[in-house]
Amino acid sequence: MTSVCPFVKPSRPDDGSSRKPGECPDKHVSEHEGGGKEKKESVGESATVSPKCPFGYDSQTFKLGPHSCMICQALLFDCSKCVPCSHVYCKVCISRFKDCPLCGADIEKIEADTDLQSVVDRFIDGHARIKRSHVDVDKEVEVGENKKVIYEDVSLERGAFLVQQAMRAFRAQNVESARSRLSLCAEDIRGQIETAGNTSELCSQLGAVLGMLGDCCRAMGDAGSSVTYFQESVEFLSKLPAADLEIMHTLSVSLNKIGDLKYYDEDLEAARSYYIRSLNVRRDAIKHHPNVSSQTLDVAVSLAKVADVDRTMGNEDAALDRFREAIKLLGSLTLKPEEAGLEQRRLSVLEFLNNQLAEKQSG
Ligand SMILES: [Zn+2]
Ligand SMILES: [Zn+2]
C-alpha cells in the first residue's frame, strides 16, 4: 500500500480552495503564535491555541492512546481481552502471540470485549467528524489585553484520520482493521460526492482510497474483490486531468495491479490490455512533464511489463522491441545527485531488462 495519505498532499494547480482537508492546522497556529510573542504591544490581535486532544490523537503529535492496540498501534479493532491478565488488543494482532506482549503472562484464552469496542467506535465517530469549513471560529475566549484566544477543533479531518489508522493497521498486517477503516472512509467520500458532485479533489481521494482497499483485499487473498476495487479506483481517477502527475501515477499503478491479478489468474489477454492502458497513461504523463525522472522510470517499468506478457504469449519480436526501448530510455536518463533512490531503481530495472535480452540470446 502506498505510504502517501491521499488527504495530505501538496496543493494542486487546479485546486482553488485555500485550505485542503487534512492539512494540519498546527502549521498556521505556530506562525500566529510566533508573531504574537514578538508584537506583545499590539492590542486585539488573536493568538491561537494549538489543538490538543486529551487522548493524544492529534494530527501531528499522534501518540498511543487508551483506545489503541499496542501491537498494530492503530485504534482497536475487534477488541480482545487476554485471560487472565486483562490486557486488550485487536483480535487479529493478539492471535499471533502465546504470551501477553505487555506483561508476559501466559494467555489462557482470548475473550471478545464488545463494550470497549463500542467505546472505540463511538470515539471514531465523535473525534473524527467531518470538519466544518471554518474551524477557527469554533470558540473564542477574551483574555487580558483584549487578546482573543481561538481554540481550534482538535479533530483531524475524518478521512485523513481513518486513512492514518488504516495505514498503521495495514503495516502491522492487521488487514481486516485497515479494510474496515477504509470502507468507512470510502463511504464518507461517496456521500460527499453525492452532494458536491465529482470534484477533482473528491475523485482523487476516492480513487486512492479504493486502490488501498484493493491492496487490502489482495493481501487477504480475495482477488475478485481486489480487482473490483482497483477497477473502481481507475474509474474515478480517469475522470481527472492527465496533467496531474500524482494522480496519473496512482491511476497507472491501479491499472498495473489489475494487470498483475489477471496475469496470476492466467488471463494473459486481459493482463496485457491493462498493462497497455497503464503504459499509455504514463506516456501521456511524460508529454506533460518531460523532465520528471520518476516518470521515465515508470514508462520503462510499464514497457517491461508489456514485453514480459508479450513474450509469455509468444510475441517474441514485440517483446524484444519493448525491452530495447526501455533500455534506451533508462540509458539516456541522467539523475541528479539527490535522486540516489531513483538511481538505485534505475539500475535494478536496467539489470532486469538486460537479463531479459540475454535470456533470448542464450536461449
Ligand atoms: Zn492491533
Ligand atoms: Zn498482559
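Remember, it's a predicted structure, so these values are computed and weren't measured experimentally. (Residues numbered from 1 in each chain as written. Chains lettered and ligands numbered in written order. Predicted model: local features only at pLDDT ≥ 70, side-chain atom pairs only at ≥ 80, totals over all residues.)

Novice: Which parts of the structure should I look at to understand the packing of helix α10 (residues 293-312) against helix α11 (residues 316-331)?
Specialist: Geometry of a packed helix pair, given as the angle between the helix axes and the separation of the axes. Packing of α10 against α11 brings their axes to within 8 Å, and their N-to-C directions diverge by 165°. For the element pair α10 / α11, the angle class is roughly antiparallel. You can see that α10 and α11 cross each other, and the crossing is left-handed. Between α10 and α11, the contacting residues are Thr296, Val299, Ala300, Leu303, Ala304, Val306, Ala307, Asp310 and Arg311 on the first element and Glu316, Ala318, Ala319, Arg322, Phe323, Glu325, Ala326, Leu329 and Leu330 on the second. In terms of residue class, the contact of α10 with α11 is built from 12 nonpolar, 1 polar and 5 charged. (Axes fitted to C-alpha atoms, helices over the stretch in contact; angles between N-to-C directions. Helix = DSSP H or I, 4+ residues; strand = E, 2+ residues; numbered from the N terminus. Parallel < 35°, antiparallel > 145°, perpendicular 65-115°, else oblique. Left-handed = near helix turned anticlockwise from the far one by under 90°. Contact = placed C-beta atoms within 7 Å. Nonpolar A, V, L, I, M, F, W, Y, C, P; charged D, E, K, R; others polar.)

Novice: How do you make sense of the sheet that holds strand β4 (residues 109-112) when you look at a structure like this?
Specialist: Backbone-to-backbone hydrogen bonds pair the strands of a sheet. The strands run either parallel or antiparallel. Spatial ordering of the open sheet is given by β3-β2-β4, a layout of 3 strands whose pairing is antiparallel. One side of each edge strand has no neighbouring strand; the edge strands of this open sheet are β3 (88-90) and β4. Averaged over neighbouring strand pairs, the angle between their axes works out to 40° when direction is ignored. Here strand β2 (residues 79-83) runs beside β4; their pairing, made up of 4 bridges, is antiparallel. Bridge pairing in β4 links valine 83 to lysine 109. (Pairing = 2+ DSSP bridges.)

Novice: Which parts of the structure should I look at to understand the pairing of β2?
Specialist: If a strand is regular, its side chains alternate between the two faces of the sheet. Across 3 bridges, β2 lies against β3 in antiparallel orientation. By the bridge assignment, lysine 81 is partnered in β3 with valine 88. Linking β2 back to β3 in an antiparallel pair, the connection comprises 4 residues, with serine 86 at a positive phi of about 75°.

Novice: Please clarify how unusual backbone geometry should be interpreted in this entry.
Specialist: In this structure, the amide linkage connecting valine 83 to the following residue, proline 84, adopts the cis form with an omega of 10°. Relative to the elements of secondary structure, proline 84 occurs in the loop between β2 and β3. Unusually for a residue other than glycine, glutamate 266 sits at a positive phi of about 65°. Relative to the helices and strands, glutamate 266 is located in the loop between α8 (245-264) and α9 (268-288).

Novice: Which parts of the structure should I look at to understand the environment of histidine 249?
Specialist: Take histidine 249: it is sitting in helix α8. The sequence separation of histidine 249 and glutamine 295 amounts to 46 residues, and the corresponding C-alpha distance is 8.3 Å.

Novice: Looking at this structure, how should I read helix α4 (residues 158-171)?
Specialist: Note: α-helices contain 3.6 residues per turn, so residues at a spacing of three or four share the same orientation. Across its 14 residues, α4 extends 20 Å between first and last C-alpha, which sits within 8% of the 20 Å expected from 1.5 Å per residue. Burial analysis of α4 places 13 of its 14 residues in the buried class, which makes it a mostly covered element. Downstream of α4 by a residue or two, glutamine 173 has a phi angle that is positive, lying close to 65°. (Expected span 1.5 Å × (residues − 1). Buried ≥ 20, exposed ≤ 12 C-beta atoms within 10 Å, placed from the backbone.)

Novice: What is the right way to read the confidence of the model for the protein chain from this model?
Specialist: One rule of thumb: low pLDDT means the predicted coordinates there are not for detailed reading. The pLDDT averaged across the protein chain works out to 79; a share of 73% of its residues lies at or above 70. Least confident of the elements in the protein chain is helix α1 (residues 25-38), whose mean pLDDT is 35; most confident is β4, at 96. Under a pLDDT of 50 for its full length, residues 9-56 has, in the predicted model, 64 contacts with residues more than four places off or in other chains. A low-confidence stretch, residues 130-140 stays under pLDDT 50, and its non-local contacts, those more than four residues away or across chains, total 16 contacts. (pLDDT = per-residue confidence, 0-100.)

Novice: I would appreciate a short explanation of the environment of serine 204 in the present structure.
Specialist: Its place among the elements puts serine 204 in helix α6 (residues 200-219). A sequence separation of 42 residues divides serine 204 from glutamate 246, and the C-alpha atoms of the two residues are 9.5 Å apart.

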